[in-house]
Structures are given as C-alpha cells and as structure tokens.
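Coordinates in review
One letter stands for each residue in the lines below.
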Amino acid sequence: MEGVAKIGGFRYENGAVYVGSWNKDGRRHGYGHLKFRNGNRYDGFFEDGLFHGLGMLTFSDGAKYEGEFTDGWFHGYGIFWRADGMRHEGQFCGGKMWGLGLTTFKDGSNGFPRYEGFFQDCKILKTIKCPEAVQKAQKIAFMARNYKE
C-alpha cells in the first residue's frame, strides 16, 4: 500500500495493541490488527490512523461488522450482526444504516412489512426490493473477512 513506511507492533498506554503497517508520521496505515483492552478487535486497513477501506470489527459482546470503512466509521457496503442475532446487509454511512439494505431478525424473518428498502439514520423510510445492494454487501463482507496479506 502506498504510504507504508514500516511494519511492526506497539502496545498503547490504554492497553490496546496494534500490529501492522505504519506511515512515515507514525500513524497506523495499511493493513493491520488492533485489539482494544475491552476485547474489541479490528482487522483491516487503516489510513492515517483510522479504519479505512475493507475491514472487520468484532465486539467483545459478539456483535461484528464486516465491510467498508471511511475515516473510522462503517461507511459503504457491509454486514452488521448484533449480538442478539439480528443482521443488516446493505449500505452504511457515518456508522449508521443509511441507504439500501435488508434487515433479518434472529428468527430468520425480515419483519412485517419486510425491512428491505431505503434506510436513513437506522430507520427504514421506504420499502423497496434491493437485491443488488444486499449482494454487494455480501461480496464486500466476504472480501473483508477473507483478506490475506
């Protein structure tokens, strides 16, 4: 990746540990793994210290997100699984469900009426079929989950 100056690890004062690539300014940049003291873990790409590009964020409670990040936020296409088994596949903006997507509940249902369509600020605004957005989210999540250096 362009801008990578070195590869190595660092243990932060707050207990977080990072192993991966760094830029010349000493910021996480390129591919790496960041484990937080609370058990949360990010595996993926960084840009200037922030989650950026494909990545996988796993929370200590069992929730996770696989997909695209921008400036540290879920942003683009991806899949978010809540710890209770609910998942949302589709578009995200600024860390929220925003754009086309499909929500599936723990029991495998999609709600009634079906929670498929256009979401804004985590709320469904318009129900429409959007299989292309769901398929793209699944593809991006698969790529994030299976990235090999």
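Residues numbered from 1 in each chain as written. Predicted model: local features only at pLDDT ≥ 70, side-chain atom pairs only at ≥ 80, totals over all residues. Heavy atoms only, no water.

Right, let's get into the overall build of the protein chain. The secondary structure content of the protein chain amounts to 1 helix and 11 strands. In terms of C-alpha radius of gyration, the protein chain reaches 16 Å, essentially the compact-globule figure of 15 Å for 149 residues. When the backbone C-alpha atoms are referred to their principal axes, the protein chain occupies close to 50 × 30 × 25 Å. Counting all 149 residues of the protein chain, 38% fall into the buried class. Long-range contacts, defined as pairs at least 24 residues apart, comprise 16% of the intrachain contacts of the protein chain with a sequence gap of at least 6. (Helix = DSSP H or I, 4+ residues; strand = E, 2+ residues; numbered from the N terminus. Rg over C-alpha atoms; globule rule 2.2 N^0.38 Å. Buried < 20%, exposed > 50% of the residue type's maximum accessible area, 1.4 Å probe, protein only. Contact = heavy atoms within 4.5 Å.)

Moving on, we get to the sheet that holds strand 10 (residues 116-120). Neighbouring strands of a sheet are bound in pairs by backbone hydrogen bonds; such pairs are parallel or else antiparallel. Taken in spatial order, the 11 strands line up as 1-2-3-4-5-6-7-8-9-10-11 in an open sheet, and their pairing is antiparallel. Across the chains shown, the open sheet's two edge strands, defined by having one partner strand only, are strand 1 (6-11) and strand 11 (123-127). In this sheet, adjacent strand axes meet at a mean angle of 15 degrees when their direction is disregarded. Judged from the 6 bridges that link them, strand 4 (residues 41-47) and strand 5 (residues 50-58) form a sheet pairing that is antiparallel. Across the sheet, the residue bridging to Asp-43 is Met-56, located in strand 5. Lying over the sheet, helix 1 (residues 131-145) contacts strand 5, strand 6 (64-70), strand 7 (73-81), strand 8 (87-93), strand 9 (96-104) and strand 10, oriented at roughly 90 degrees with respect to strand 7. (Pairing = 2+ DSSP bridges. Axes fitted to C-alpha atoms, helices over the stretch in contact; angles between N-to-C directions.)

Here we take up the packing of aromatic side chains. Enumeration over the complete set of coordinates arrives at 19 aromatic pairs. Ring centres of Tyr-18 and Phe-46 lie 5.2 Å apart, and the angle between their planes is 85 degrees; this geometry places the pair in the edge-to-face category. Of this pair, Tyr-18 sits in strand 2 (residues 17-22) while Phe-46 sits in strand 4, and the two are 28 residues apart along the sequence. Each ring, one from Phe-51 and one from Phe-69, has its centre 5.6 Å from the other, and the planes form 85 degrees; the classification is edge-to-face. (Phe/Tyr/Trp six-rings, centres within 6.5 Å; stacked < 30°, edge-to-face > 60°.)

This brings us to helix 1. Counted at 1.5 Å a residue, the expected span for helix 1 with its 15 residues is 21 Å, and the 21 Å between its end C-alpha atoms agrees. Listed as buried for helix 1 are Ala-133, Val-134, Ala-137, Ile-140, Ala-141 and Ala-144. Along the axis of helix 1, the buried residues cluster in a sector spanning 130 degrees; they form a single face. When the buried face of helix 1 is taken as reference, the exposed residues oriented beyond 90 degrees from it are Glu-132, Gln-135 and Lys-139. (Expected span 1.5 Å × (residues − 1). Arc of directions from axis to C-beta.)

It is worth spelling out the nonpolar core at this point. One finds Phe-51, Phe-69 and Phe-74 to be the most contacted residues of the largest nonpolar core, which totals 16 residues. If we ignore the near neighbours within four places in the chain, the residues touching Phe-69 are Tyr-42, Phe-51, His-52, Gly-53, Gly-55, Met-56, Leu-57, Phe-74 and His-75. Counting 11 residues, the second-largest nonpolar core is a separate cluster that includes Phe-45, Ile-79, Ala-137 and Ala-144. (Core = buried A, V, L, I, M, F, W, Y, C linked by side-chain atoms within 4.5 Å.)

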